[in-house]
Amino acid sequence: MSIFTTYDGTGLAYHVRGEGEPLVCLPGGAMRASSYMGDLGGLAAGRRLVLLDLRGTGGSAVPADESTYRVDHQVADVEALRIHLGLERMDVLAHSAGGNLAQLYAAAHPDRLRRLALITPTCWAVGIDSTPEQRLEVVRKRAGGEPYDTAIAAYEEILGILAAGGAPTPADWRRVMPLAYGRWDEEARAHVDASDREKNAVAAAAYGGPGAFDPPATRAALRRVAGEVLVLAGELDNNPTAALAAELAGLFPQGVADVQPGGAHFPWLDDPKWFAARVEGFLATGA
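Residues numbered from 1 in each chain as written. Predicted model: local features only at pLDDT ≥ 70, side-chain atom pairs only at ≥ 80, totals over all residues. Heavy atoms only, no water.

A.B. asks: Even after reading the chapter, I still don't get helix H11 (residues 272-285), so can you show me in this structure?
C.D. replies: In an α-helix, one turn spans 3.6 residues; hence positions three or four apart end up facing the same way. Taking 1.5 Å per residue, 14 residues should reach 20 Å; H11 reaches 20 Å between its end C-alpha atoms and fits that length. Among all positions of H11, only Phe275, Ala276, Arg278, Val279, Phe282 and Leu283 are buried. All buried residues of H11 lie within an arc of 165 degrees about the axis, which places them on one face of the element. Residues of H11 that are exposed and angled more than 90 degrees away from the buried face: Lys273, Ala277 and Thr285. Within two residues after H11, Gly286 carries a phi angle of roughly 95 degrees, on the positive side. (Helix = DSSP H or I, 4+ residues; strand = E, 2+ residues; numbered from the N terminus. Expected span 1.5 Å × (residues − 1). Buried < 20%, exposed > 50% of the residue type's maximum accessible area, 1.4 Å probe, protein only. Arc of directions from axis to C-beta.)

And the structure:
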């Protein structure tokens, strides 16, 4: 683990795995320590992964001002890491909620990205989303056996709670977790169990707080991104759906969407070889 100091004096940690050209990796969660990304399905075999622990997670320090957990403030942390690494331009991979940080970074520093891989990203930063009906269409394809039937019913209950203006509990979300994985096995269950200790709940609540996003401005700024962008969705993932991934890719001048067969929200766990080959191929030769 290495430490660098970001713009406000907070010490941030990053972990290096593998050898080769550097790939800066931004975790999701929101605000989950980067350890859950592992070696990204073996991607470290050909890349030097630089896995950033966002402020207040993993080995990184808790900031003096907790308002800086808001994602737009963390754009400066990513830029500070680029400068610390001595990179003129960099390749970036971002997962899930971390995709919003990457989108905001791309909008603020379009000339600093070489290639950007957005892995099952959420799209709050650009103000696009799928409908509950579209998400249900995806998850219902897994009906016909356990644990998926129970998880689908739990997801339908969550959508009802949200529609009524309520807030699902962590236990509610826990019941739907089999839907986040292509296979519900011991590895997937351990991955879920680790989430509670790897995530900073206070930081997660602030991450997308009021004022974090200006979607029209971000969408306009993304038109200036010259580097190539891959938006990778999982066939079995309901957020983003394949259609939403394609819509996000269309916001970039050189954006392309792809769908991992049998993949869900953590596609490097579902088919490591397919995932690593697709992402490495994109980073090496483009879309």
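A.B. asks: What should I look at first to understand the sheet that holds strand S4 (residues 47-52) in this one?
C.D. replies: In sheet architecture, strand pairing relies on hydrogen bonds along the backbone and comes in two forms, parallel and antiparallel. Pairing within the open sheet is mixed, and its eight strands lie in the order S1-S2-S4-S3-S5-S6-S7-S8. Each having just a single partner strand, strand S1 (2-5) and strand S8 (255-260) make up the two edges of the open sheet. Averaged over neighbouring strand pairs, the angle between their axes works out to 25 degrees when direction is ignored. Pairing analysis gives four bridges linking S1 to strand S2 (residues 11-17), with the strands arranged antiparallel. Looking at S2, one finds that Thr5 is bridged to Gly11. Sheet contacts for helix H1 (residues 71-85): S1, S2, strand S3 (21-26), S4 and strand S5 (90-95); angle to S1, the most-contacted strand, approximately 115 degrees. (Pairing = 2+ DSSP bridges. Axes fitted to C-alpha atoms, helices over the stretch in contact; angles between N-to-C directions. Contact = heavy atoms within 4.5 Å.)

Distances and angles like these do not, on their own, reveal function.
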